[in-house]
Amino acid sequence: MSEKDLSALFLDTLKDIYYAEKQILKALPRMAKAAASDQLRAAFDKHHDETEGQIERLEQIFDLMGKPARGKKCDAIEGILDEGKEIMEEYADTPALDPGLVSAAQAVEHYEIARYGTLKAWADKLSMKDAVKLIDQTLAEEKKTDEALTKLAISAINAEAA
């Protein structure tokens, strides 16, 4: 493996999303606690459990590559999660808090969808069939979570805040 080939970029990005997932795992209970809506709280709790499985899948990919599962600080997720904290502080005890939490959660989901989509394409190009399957499972979960958040926002959360 040359130092800066697609395989190295794949590993670097894998470390990035591994770090991101670990940070998301820490943030989800805070978001659930802040949510006024029982449905939104349940959605955050469900995604917390899914995130644990996603971290396990990432660890399997590191194993497939013969590399230790280590994260690399991800400034993007740090910024997205900081925005979520800001919303929780600035809109605490207001009707706009839950729509803000949905917005923050969807920013996280969209980041993850972008990362996993890229990793899947690269794993395919690198003929890493087992990694493609693992990434595809996570990508499907992330898309489903994003869709569920949209439906929840449209059906209840936004109307309650208006």
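Residues numbered from 1 in each chain as written. Predicted model: local features only at pLDDT ≥ 70, side-chain atom pairs only at ≥ 80, totals over all residues. Heavy atoms only, no water.

## Structural notes on the overall build of the protein
Of the regular secondary structure elements, the protein holds five helices and zero strands. Expected size for 162 residues packed as a compact globule is a radius of gyration near 15 Å; at 17 Å, the protein falls within 12% of this value. For the protein, the C-alpha atoms occupy an extent of roughly 55 × 25 × 20 Å along the three principal directions. Per-residue burial over the protein gives 46% buried out of 162 residues. Across the protein, contacts joining residues at least 24 apart in sequence account for 80% of those joining residues at least 6 apart. Total accessible area computed for the protein in this model is approximately 8700 Å², and 51% of it derives from carbon and sulfur atoms. If you average the places of the 22 positive and of the 32 negative side-chain charges in the protein, the two averages end up 6 Å apart. (Helix = DSSP H or I, 4+ residues; strand = E, 2+ residues; numbered from the N terminus. Rg over C-alpha atoms; globule rule 2.2 N^0.38 Å. Buried < 20%, exposed > 50% of the residue type's maximum accessible area, 1.4 Å probe, protein only. Contact = heavy atoms within 4.5 Å. Areas by Shrake-Rupley, 256 points an atom, 1.4 Å probe, with all protein chains shown as cover. Lys, Arg positive; Asp, Glu negative; His and termini not counted. Charge placed at Lys NZ, Arg CZ, Asp CG, Glu CD.)

## Regarding the side chain of Asp-146
Mapped onto the secondary structure, Asp-146 falls in helix H5 (residues 129-161). Buried charge without a salt bridge: Asp-146, with Lys-143 as the nearest opposite-charge side chain at an N-O distance of 9.5 Å. At 2.8 Å, the side chain of Asp-146 forms a polar contact with the side chain of Gln-106. Looking at Asp-146, its side chain comes within polar contact range of the side chain of His-110, at 2.9 Å. Not counting residues up to four positions away in its chain, the partners in contact with Asp-146 are Gln-106, Glu-109, His-110 and Ile-113. (Salt bridge = Lys/Arg side-chain N within 4 Å of Asp/Glu carboxyl O. Polar contact = N/O pair within 3.5 Å; in protein donor to acceptor, adjacent residues only side chain to side chain.)

## Here we look at the nonpolar core
Core analysis: the largest hydrophobic core is formed by 48 residues, its most contacted members being Phe-10, Leu-14, Leu-40, Phe-44, Ile-61, Ile-77 and Leu-101. If you tally residues by element for this core, the top one is helix H1 (residues 6-34), at 13 residues. The contacts of Ile-77, once residues within four sequence positions are left out, are Tyr-19, Ala-20, Ile-24, Val-108 and Tyr-111. (Core = buried A, V, L, I, M, F, W, Y, C linked by side-chain atoms within 4.5 Å.)

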